[in-house]
Amino acid sequence: MGVDARQLAAAFFLVAALIVISALLGRELGLLNIIILSAMVIAAMGLGLWYLIFHGLRQAASGNLDLLSDIASTSPEGRLLTTKDGKYIFANTAYRQLLGLSPKEPGQTLRDMLADDPEGCMKIDELLKSAVYDGSSGLRVDIQTGTGRWLSILAHSIDVTPDNIIWYVTETTRQHRQEEDERIERQKLSEYFNNVPVGFYFLDHKGRIQFANRMFCEWLGYSQEELSDGQLAFSELIFKKNEDQLDLMEIFTESDPLFEGETNLRRRDGTPLPVYITQTIVRDESGEIVGSRSVVRELSQEQEWRERVASAERHFRPFFEAAPIGIVLLDAQGIVVEANPAFRALTETVVNTAVGSHVTELVQAEDREQLQHRLIEASAREMAALPIEVKLKGGAERAANFYISTIAGEDLETGRLLVHVIDTSIQRNLEVQFAQSQKMQAVGQLAGGIAHDFNNLLTAMIGFCDLLLLRHQVGDPSYSDINQIKQNANRAAGLVRQLLAFSRQQTLRPEITDLTDVLAELSNLLRRLIGEAIQLKITHARDLWLVKVDRGQFEQVIINLAVNARDAMSGDGLLTFETENLVITERGTDFDELIPVGEYILVKVSDTGTGIADNVIEKIFDPFFTTKNVGEGTGLGLSTVYGIIKQTGGFIFAVNNDDKGTTFNIFLPRYVEIAEIGDKEVLAPAQSHRDLTGKGTILLVEDEDPVRLFAARALENKGYNVLQADCGETALSIANEHDGKIDLLITDVVMPAMDGPTLVKHVLAETPDMKVIFISGYAEDAFRKDLDFDVSKIDFLPKPFSLKEIATKVKEVLMREDA
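All values derive from a computational prediction rather than experimental measurement. (Residues numbered from 1 in each chain as written. Predicted model: local features only at pLDDT ≥ 70, side-chain atom pairs only at ≥ 80, totals over all residues. Heavy atoms only, no water.)

S.K.: Explain the overall build of the protein chain to me, please; I cannot follow it from the model alone.
M.R.: The number of helices and strands found in the protein chain is 24 helices and 27 strands. Expressed as a percentage of its 819 residues, the buried residues of the protein chain come to 38%. For the protein chain, the share of sequence-separated contacts (at least 6 apart) that also reach a separation of at least 24 residues comes to 56%. When the accessible area of the protein chain is evaluated, it comes to approximately 46,400 Å², of which 54% is carbon and sulfur surface. (Helix = DSSP H or I, 4+ residues; strand = E, 2+ residues; numbered from the N terminus. Buried < 20%, exposed > 50% of the residue type's maximum accessible area, 1.4 Å probe, protein only. Contact = heavy atoms within 4.5 Å. Areas by Shrake-Rupley, 256 points an atom, 1.4 Å probe, with all protein chains shown as cover.)

Set out below in structure tokens:
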């Protein structure tokens with residue numbers, strides 16, 4: 001038998017009493033006995049207090065449980081008391097009857113009754129768990145017993161007895177359960193409708209509102225109870241009737257079960273609410289209308305967005321229409337949806353033909369596949385695709401860059417493509433022309449270098465022929481051979497001049513010229529050149545403006561063009577020269593983009609020949625390019641013409657005529673006449689001197705030995721004292737060491753180490769009054785513009801030169817000094 005707290009406390013009190021009695025009988029109490037006595041008294045008092053508290057609480061709980069059991073026993077519905085872990089405590093008579101238990105049978109919990117029903121046990125466990133942790137299950141389960149009865153069960157915890165659970169067990173029927181399920185389903189459906197972001201309402205067959213969800217009520221300013229009591233007719237919510245407004249009550253007579261449209265509802269405060277309603281008629285099995293269900297979309301925000309979109313459209317449209325570049329909107333398949341005027345102008349289409357066609361149909365056939373690939377690439381990526389250059393379809397050849405970007409849609413099928421189209425035709429033409437000019441410049445530099453080297457060789461050849469002819473007069477057997485060599489050398493010099501003309505490195509002597517006089521004087525020569533079968537027609541403009549050109553070089557241009565025209569006409573035809581005054585006020589409008597605004601004299605040279613093939617006309621000014629047979633042309637005729645015109649500051653273009661033949665258009669800048677007597681004196685031809693002998697000391701500097709030897713011998717033969725130097729450094733030494741006066745310095749321009757201009761600069765620093773003659777195979781302008789000292793008294797003699805030409809130039813310069 002165990003010892004409870006009451007017995008233990010009594011024992012402690014007994015021991016304490018014995019100790020006290022011993023003291024009273026005369027025994028002394030030691031310190032140890034006093035401590036033991038005190039501890040026993042305290043322990044006995046604690047145990048007694050704990051027993052009183054525990055016993056009191058236990059008695060109170062037992063009393064509450066007994067009271068609860070008494071109350072449950074009188075309930076007409078089944079009641080069951082269990083512990084928190086589901087152990088049986090008490091069940092009333094109604095519970096036993098529902099489970100089919102006799103009064104003598106031991107009590108059973110619901111789980112005991114459903115031991116063979118795992119699903120039922122699971123439901124009971126769920127109810128118990130919910131009651132323990134939540135205080136109330138919040139759940140109701142229906143369970144069928146072994147006797148076929150359906151029980152409805154709830155479970156709750158008990159505040160006065162927190163360790164116990166009370167179960168409410170009632171019998172239910174299938175109809176009741178069905179009604180309960182329908183009630184729960186309606187509750188769930190109502191909760192669903194109350195949480196959707198659109199409006200819902202249900203009407204009966206008389207048009208009265210049976211249900212309206214929370215959103216619909218909030219829009220109109222009513223509570224759900226006000227609109228869902230079944231008394232309010234929906235017609236009272238219609239704002240006001242107009243011809244275009246949807247009459248929702250008329251649809252009850254329609255055979256179509258679905259009707260939708262826009263209308264205005266009246267809010268509680270009387271203001272209109274624009275909505276879009278989709279209403280469905282509900283009929284019973286006999287086809288009678290029992291009501292309707294409607295979905296409502298509020299349009300206030302949508303209308304606001306529509307207004308914003310319309311406003312943006314109004315503001316964007318002028319920019320779209322007036323944009324200087326082409327803008328085109330495509331659908332996901334590449335079909336043109338909209339195009340601005342700039343795009344239609346580029347593609348030479350009108351609205352009706354551009355819209356609805358595939359964008360690839362608006363470019364040249366060879367570029368369509370590449371453009372289609374780029375459209376697919378742009379559709380598959382968020383970033384803009386790299387631009388693509390294509391040739392546009394149309395009469396004029398145009399190129400354009402397509403910049404394609406994606407406008408996102410809900411999916412790939414609804415997305416669109418925005419294309420910006422920038423015309424690159426002018427840029428492309430300029431690039432081609434620039435490349436051509438670069439090529440011409442490179443070839444020109446090569447030609448100029450070749451011409452310079454040839455001029456040195458030809459100077460020696462012509463010069464030594466002149467020296468030989470001094471000893472072999474007419475009648476000498478060697479005279480004709482020597483003269484033949486000189487004539488061929490002169491022909492070679494003419495070919496070199498053509499190279500220099502092409503490279504624009506020849507020396508020009510421009511003078512104020514009236515082209516009417518030039519053409520008139522050349523007319524007889526031209527007739528002999530073209531032959532009698534070809535007619536020559538020259539049309540002069542009245543009061544033709546003056547130009548400043550090298551007359552001899554311009555005559556060469558006319559002759560070369562006439563010869564080309566003669567060869568193109570194959571025996572008969574018409575060669576026409578026309579002149580006119582021309583004012584270009586806007587660049588690139590009526591004439592080529594390269595020609596700047598200004599006043600020009602236009603010279604047209606037209607023939608009725610075979611014309612020039614399209615693939616050839618772009619190359620006709622290239623050096624050494626010719627369509628003639630081998631041996632019939634050098635390919636320098638038109639390149640020489642091109643070089644002369646460009647060096648003069650003009651422009652030349654070739655175009656095929658509409659009918660037949662070709663026209664060369666030459667644009668020469670107008671010369672504005674100013675009274676410059678000094679210039680006219682300079683341009684006047686120098687006086688010719690018959691006696692070419694002279695005296696004086698000349699310093700001759702030339703790195704080419706044959707040229708230097710010839711020039712020295714030629715000048716010595718004329719009586720001059722010639723000091724020779726093969727480079728600039730040697731010439732400076734000679735100039736510094738020479739005791740006498742040096743009257744004239746003749747120097748080559750291009751030399752290794754110290755060049756001619758540097759040498760002259762050093763010499764003039766010491767002897768400012770010394771006269772200078774530059775000799776060079778390059779043009780005078782090619783180096784004169786780069787000199788950084790006074791060049792007014794410096795003369796120039798181009799290579800190749802003959803004995804007579806160098807003697808004449810020296811005589812002229814020295815006589816000018818003496819004067």
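S.K.: Please clarify how the pairing of strand β14 (residues 398-407) should be interpreted in this entry.
M.R.: When a strand is regular, its side chains alternate between the sheet's two faces. Sheet topology note: the strand β13 (residues 388-392)/β14 ladder contains five bridges and is antiparallel. Residue Ile388 lies in a different strand from β14, and its bridge partner there is Phe402. The pairing of β14 with strand β15 (residues 416-423) spans eight bridges and is antiparallel. The partner of Ile407 across the bridge, within β15, is Arg416. (Pairing = 2+ DSSP bridges.)

S.K.: What is the right way to read the sheet that holds β13 from this model?
M.R.: What links the strands of a sheet is backbone hydrogen bonding, and the strands pair in either a parallel or an antiparallel sense. As summarised here, the arrangement of the five strands in space is β12-β11-β15-β14-β13, forming an open sheet in which the pairing is antiparallel. A strand with exactly one partner marks an edge of an open sheet, and here the two such strands are β12 (336-339) and β13. Mean inter-strand twist for the sheet, computed between neighbouring axes without regard to direction, equals 30 degrees. As paired elements, strand β11 (residues 326-330) and β12 share three bridges and run antiparallel to each other. Counted as the bridge partner of Leu329 is Glu338 from β12. (Axes fitted to C-alpha atoms, helices over the stretch in contact; angles between N-to-C directions.)

S.K.: Sorry if this is basic, but what is going on with the pairing of strand β27 (residues 794-798) here?
M.R.: For β27, the tally of buried residues reaches four of five residues, placing the bulk of the element in the interior. One ladder, built from five bridges, connects strand β26 (residues 771-776) with β27; its direction is parallel. Counterpart to Ile773 in the pairing with β27 is Asp795.

S.K.: Help me understand the sheet that holds strand β25 (residues 744-748) in this model?
M.R.: Spatially, five strands are ordered β24-β23-β25-β26-β27 in an open sheet, and the strand pairing comes out parallel. Of all strands in the sheet, those with a lone pairing partner are β24 (721-725) and β27, marking the two edges. Here the average twist between neighbouring strands, direction ignored, is 20 degrees. Pairing between β25 and β26: five bridges, direction parallel. Note on β26: the bridge partner recorded for Asp748 is Ile775. On the sheet, helix α20 (residues 705-717) packs against β23 (697-701), β24 and β25 and is oriented at approximately 170 degrees with respect to β24.

S.K.: What is the right way to look at the packing of aromatic side chains in this model?
M.R.: How two aromatic rings sit relative to each other is set out by the distance from centre to centre and by the angle between their planes. Taken as a whole and judged by the stated rule, the model has eight aromatic pairs. Each ring, one from Phe202 and one from Phe211, has its centre 5.4 Å from the other, and the planes form 35 degrees; the classification is tilted. Accessibility assignment for this pair places Phe202 and Phe211 in one class, buried. Ring geometry for Tyr600 and Phe667: centres 6.5 Å apart, planes at 90 degrees, overall edge-to-face. Of this pair, Tyr600 sits in strand β20 (residues 598-606) while Phe667 sits in strand β22 (residues 662-669); the two residues are 67 residues apart in sequence, bridging distant segments of the chain. You'll find Tyr600 and Phe667 in the same group, each marked buried. Linked through ring pairs, Phe591, Tyr600, Phe653 and Phe667 together constitute an aromatic cluster. If you follow Arg293 out to its NZ or CZ, it ends over the ring of Phe202, 5.8 Å from the centre. (Phe/Tyr/Trp six-rings, centres within 6.5 Å; stacked < 30°, edge-to-face > 60°. Lys NZ or Arg CZ within 6 Å of the ring centre and 35° of its normal.)

S.K.: Mind showing me how you'd approach helix α16 (residues 551-569) here?
M.R.: Every α-helical turn comprises 3.6 residues, leaving residues that sit three or four positions apart pointing alike. An ideal rise of 1.5 Å per residue puts 27 Å on 19 residues; α16 measures up with 27 Å between its terminal C-alpha atoms. Here α16 has its buried residues at Gln553, Phe554, Val557, Ile558, Ile559, Asn560, Leu561, Ala562, Ala565 and Met569. (Expected span 1.5 Å × (residues − 1).)

S.K.: What should I look at first to understand the nonpolar core in this one?
M.R.: Soluble globular proteins tend to bury their nonpolar side chains together. Ranked by size, the top nonpolar core spans 40 residues in total, and within it Leu575, Phe577, Ile620 and Phe664 carry the most contacts. Excluding residues within four positions of it along the chain, Phe577 makes contact with Leu519, Leu526, Leu536, Lys537, Ile538, Thr539, Ile558, Ala562, Lys604 and Val605. (Core = buried A, V, L, I, M, F, W, Y, C linked by side-chain atoms within 4.5 Å.)

S.K.: Just checking my understanding: could you explain unusual backbone geometry for this structure?
M.R.: With glycine set apart, most residues show a phi of negative sign, and most peptide bonds adopt trans. Cis peptide bonds are those with omega within 30 degrees of zero, and the linkage from Lys799 to Pro800 qualifies with -5 degrees. Positionally, Pro800 belongs in the loop between β27 and α24 (803-818). Even without glycine at this site, Asp543 takes up a positive phi of about 50 degrees. As for its placement among the helices and strands, Asp543 is situated in the loop between β17 (534-539) and β18 (547-549). Its relative accessible area of 69% is what places Asp543 among the exposed residues. The phi dihedral of Ala753 falls on the positive side, at around 65 degrees, and the residue is not glycine. Positionally, Ala753 belongs in the loop between β25 and α22 (756-766). Under the relative-accessibility criterion, Ala753 is labelled exposed at 72%.

S.K.: I'm lost on the packing of α16 against helix α18 (residues 637-648) in this one. Help?
M.R.: Relative orientation and spacing of two packed helices are given, respectively, by the angle between their axes and the distance between those axes. Look at α16 against α18: their axes get within 9 Å of each other, and the N-to-C directions meet at 145 degrees. Where α16 crosses over α18, the handedness of that crossing is left-handed. For the pair α16 and α18, the contacting residues are Gln553, Gln556, Val557, Asn560, Leu561 and Asn564 in the first and Gly637, Leu638, Thr640, Val641, Ile644 and Ile645 in the second. Grouping the constituent residues of the contact of α16 with α18 by class yields six nonpolar, six polar and no charged. (Left-handed = near helix turned anticlockwise from the far one by under 90°. Nonpolar A, V, L, I, M, F, W, Y, C, P; charged D, E, K, R; others polar.)

S.K.: Looking at this structure, I do not really get the packing of helix α21 (residues 728-737) against α22. What am I missing?
M.R.: Remark: α21 packs on α22, axes separated minimally by 10 Å, with the N-to-C direction vectors making an angle of 15 degrees. Here α22 runs roughly parallel to α21, going by the angle between their axes. The handedness of the crossing between α21 and α22 is right-handed. Where α21 approaches α22, its residues Gly728, Ala731 and Leu732 are matched on the opposing element by Leu759, His762 and Val763. Its residues assigned to classes, the contact of α21 with α22 shows four nonpolar, two polar and no charged. (Parallel < 35°, antiparallel > 145°, perpendicular 65-115°, else oblique.)

S.K.: Help me out: how do you make sense of the environment of Ser802 in this one?
M.R.: Checked against the element boundaries, Ser802 lands in the loop between β27 and α24. Residue classification places Ser802 among the buried residues on the basis of a relative accessible area of 13%. In this structure the C-alpha to C-alpha distance between Ser802 and Ala460, which are 342 residues apart in sequence, comes to 8.8 Å. Sequence-distant contacts of Ser802, defined by excluding residues within four places in its chain, comprise Ile462, Asp466 and Phe710.

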